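The chain contents come next:
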Amino acid sequence: MAMLNEQEAKKIIDKVLSYAKADETSVTLIGERIGNIRYARNTVSTSGEADNLSLAVTSIFGKRSGTATINEFDDISLEKTLRRSEEIARLAPENPEYMSLLGPQQYSKSNTYSENTSKINPLYRANAAFASIQPCINKKLTAAGYLQDNTGFIAIGNSKRLYGYNKITNGDFSITVRTADEKGSGYATQNFTDASRLNTKAVTEIAMNKAIASRDAKELAPGKYTVILEPEAGGELLQLLINTLDARNADEGRSFFGRKGGGNKIGEKLFKENVHIYSDPFNIDNPGSPFALDGRRQEKISWIENGILKNLYYSRYWANTKGVNSLPSPSGFIMSGTNQSQSDLIKETEKGILVTRFWYIRAVDPQTLVFTGLTRDGTFYIENGKIKHAVKNFRFNESPANMLTNLVAVGKPVRISGNMIPPMKIKDFNFTSLSDAV
Amino acid sequence: MSFVNEQKYFASTDGSYIEQDIHRLWPTFTVTVVDKQTGKFKTRDALSAPMGMGYEYLAGKASEKISGPNDLILYRYSYDMVEDAVQAAKQAKEKHTAKSIQPGKYDLVLDPNHLGLTIHESIGHPLELDRVLGYEANYAGTSFATLDKWKSGKFNFGSNIVNIVADRTQPHFLNTVGYDDEGVPGKEWELIKNGTLINYQATRDQVHMLGQKQSHGCCHADSWNSAQFQRMPNVSLRAGKEKLNVHDMIKKVENGIYILGRGSYSIDQQRYNFQFGGQVFYEIKNGKITGMLDDVAYQSNTQQFWNSCVEICDKDDYRSFGTFRDGKGQPSQVSAVSHGSSTSRFNNVNIINTNSSANI
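Calculation rules
- Residues numbered from 1 in each chain as written.
- Chains lettered and ligands numbered in written order.
- Predicted model: local features only at pLDDT ≥ 70, side-chain atom pairs only at ≥ 80, totals over all residues.
- Helix = DSSP H or I, 4+ residues; strand = E, 2+ residues; numbered from the N terminus.
- Rg over C-alpha atoms; globule rule 2.2 N^0.38 Å.
- Contact = placed C-beta atoms within 7 Å.
- Expected span 1.5 Å × (residues − 1).
- Buried ≥ 20, exposed ≤ 12 C-beta atoms within 10 Å, placed from the backbone.
- Arc of directions from axis to C-beta.
- Pairing = 2+ DSSP bridges.
- Axes fitted to C-alpha atoms, helices over the stretch in contact; angles between N-to-C directions.

Let's talk about the overall build of chain B
So, step 1. A tally of regular secondary structure across chain B gives six helices and 24 strands.
So, step 2. Against the globule reference of 21 Å for 360 residues, chain B gives a C-alpha radius of gyration of 20 Å, in line with a compact fold.
So, step 3. A principal-axis box enclosing the C-alpha atoms of chain B has dimensions of 65 × 45 × 40 Å.
So, step 4. Relative to all contacts within chain B whose residues are 6 or more apart in sequence, the contacts with residues 24 or more apart total 71%.

Shown next as structure tokens:
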């Protein structure tokens, strides 16, 4: 039921629009099948599949709007939902910032769908979990992991004859392996569009090796260190910086990207020259939807180039107020890298710390973008180009803005959580205390 | 403002047919004051608490207000949103000229609207039995409060005035229900008694591991399409037995900080090392509040911190803190939970300066 083709989706949207009496009406139809398997203590704990189709309709009278949702698709239910949205719209206060709906748009095709992922079934998930658990049992290690696959589509349409449809598949696998004596823990993850790229056994072996290597961690004094952040670790911090690229927050002085005296920092060199961050929904390794939910086209956009802030994203209202091009927030981002591997970065490091991942990152100072959090599941000391030994986990207080200023080298980007992130070598990363957690 | 009406029907082959109608609300806001001259901005979030109540929470009843130090108005089970917004605007403005904290050791006086999150993170989570057993190892983490510590019967989680109770029956609290999602009636039980760890939070299929015969009723699913599993009940610090209010508590503090509101919070995956901020900070010198402070966070170890608890105000000061969005599990599920406490004092806690923390 959840997977409708373009014609089937358009038929439902057109039907809902045919009932409309409001000045403007928009419809969003989302279908999704989500499958998962979870395991811990070397055995499966839960598994399941949820299949759902849901529709949201927004009606607008003047500058008043109302939205209603439903997951039933007979004619009576669809019309009832439309009328409900109109009733809410009439009761709602005027939105002084309301922008009239967009008209027809041309969207390019993005390669966001894979038949391989859409065919994943419970047996596939069970085999994927077995391939991960069995090697751990063989080595007297304990596996806790999770595999989730999503297959679905998003269709949008409105009374101004805008229409868009995009099919999506996505999957995530993550594994934590712990040693029997509870002294070592390792983590690895893989994010994919096409399930033929997933290899739970190979990913688990990375986590197993980290768990074994991280036993008997030595204590290193907190302080500033050169770090090599694996893509999982660096990506988490970069995502927090990307989340603050909103133009209005910057223009109104409520953001790191706001300028003293008013306005924003577009055009200013804020980071090291080798920092290039962009989004591209048509990237073959990290495809994204060709449209935002409000109908705006997603295109290839440079956000930071040679360390210079090139663009911020805008609501349509704020872009109109400022008389600039209205860029929607990206669905994923890409940090440019090199062909160097993570091992190459380690070889070129005299003294440093390799970080597998971070945990519980929270904002400390939004003005300077300082965040706190901890290392987890594999933190190692590097000396003379080699990993010497595991170290106890650290708490950090650090800003991704500082991080990009202190960027020394980058490696080859890999896909993590819908973004492309390279391993990064950063100097003077600030660790403030030690944690006893393993 | 968020309003939730959860209508839930549970039936099982064990013979349960249970219908529940649960209401909760969360009125909140953030005030931001921007100084264009300096390019700085400061914020103050609402001092409300999400509650297991309806619109009546917004009545702003005078009988539910507490007159706090420095003319602060604190709210028990009725909230005046406009009054707090005025208070917040004044305080956010004051933050621009507040003294930046000198890092070091201070005695902390923690308001319930702040302390609730510290209880949640450093006591509520590590005493979830599924974490202790390793079922959350790939996501939320495991726990330092291992079974051997509990079995010893001597693990001093906190000082001897620290009594922590788990409860699914407390009126107005978010995790209060008639029955859990396995059909087990809500109840109250002790987790920490006179500072010693004595119990965990468990479901039907876990509780036998503790040698206990009755489930704690901690099973919850956040939707019809989610699998139910062990979630945190309301976990609260019992009020002090001696008569004591926040004014008298502060009078005895020589060098301290009074902290209110939910700020930045972070804790490791086994719940040893934490760092917490707040919304409003006041300097205490020789028993008096001497002005507002800024850039404050405390960094400590769970067991060390709870053993530094030296005073707890009485039941007249008891209030709740809560959240709608306690996250756990894969796929991730949310749960609503409250934490009650009275203003409490913790001695000699490590304070960092958050403004310069990245440059220490």
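Picking up where we left off.
With respect to helix α1 (residues 6-18) of chain A
Residues and elements named next belong to chain A.
So, step 1. Counted at 1.5 Å a residue, the expected span for α1 with its 13 residues is 18 Å, and the 18 Å between its end C-alpha atoms agrees.
So, step 2. Of all the positions in α1, only Ala9, Ile13 and Val16 are classed as buried. The arc that holds every buried residue of α1, seen down its axis, measures 60°, which confines them to one face. When the buried face of α1 is taken as reference, the exposed residues oriented beyond 90 degrees from it are Gln7, Lys11, Asp14 and Ser18.
So, step 3. Summarising the contacts, the buried residues of α1 are in contact with β1 (24-40), β2 (43-61), α2 (75-91), β4 (141-158) and β5 (163-179).

Considering the interface of chain B and chain A
So, step 1. With 34 residues of chain B in contact, the opposing surface of chain A contributes 50 residues.
So, step 2. When residues of the side of chain B that touches chain A are traced back to their parent elements, those giving at least two are β3 (30-35), β4 (40-45), β16 (265-267), β17 (273-276) and β20 (296-301) of chain B.
So, step 3. Among the elements that take part in the side of chain B that touches chain A, β16 of chain B stands out by supplying three residues, more than any other.

Overview of the sheet that holds strand β11 (residues 196-197) of chain B
Strand-to-strand pairing in sheets goes through backbone hydrogen bonds, with the strands running parallel or antiparallel.
Residue and element names in this part refer to chain B.
So, step 1. What the four strands build is an open sheet, ordered β11-β10-β9-β14; its pairing is antiparallel. Taken across any chain shown, the strands that pair with only one partner, and hence form the sheet edges, are β11 and β14 (234-237).
So, step 2. Direction of pairing for strand β10 (residues 188-193) relative to β11: antiparallel, over a ladder of two bridges. If you follow Ile192 over to β11, its bridge partner there is Leu197.

Topic: unusual backbone geometry
So, step 1. The omega torsion of the bond from Gln330 of chain B to Pro331 of chain B falls at 0°, within 30 degrees of zero and hence cis.
So, step 2. Residue Asp216 of chain A is not a glycine yet carries a positive backbone phi of 55°.
So, step 3. Here Asp216 of chain A lies in the loop between α5 (200-213) and β7 (223-229).
So, step 4. One non-glycine residue with positive phi stands out, namely Asn306 of chain A, at about 50°.
So, step 5. Considering the arrangement of structural elements, one finds Asn306 of chain A in the loop between β9 (301-305) and β10 (308-309).
So, step 6. For Asn306 of chain A, a count of 13 C-beta atoms within 10 Å translates into the label partly exposed.

Digging into the sheet that holds β5 of chain A
Residues and elements named next belong to chain A.
So, step 1. Pairing is antiparallel across the open sheet formed by six strands, whose spatial order is β3-β2-β1-β4-β5-β6. At either margin of the open sheet sits one strand with a lone partner, and together these are β3 (64-70) and β6 (185-192). When the angles between neighbouring strand axes are averaged without regard to direction, this sheet yields 15°.
So, step 2. Alignment of β1 against β2, held across 17 bridges, turns out to be antiparallel. In the sheet register, Thr28 faces β2, and the bridge partner there is Ala56.
So, step 3. Sitting on the sheet, α5 touches β4, β5 and β6, and the angle it makes with β5 is about 35°.

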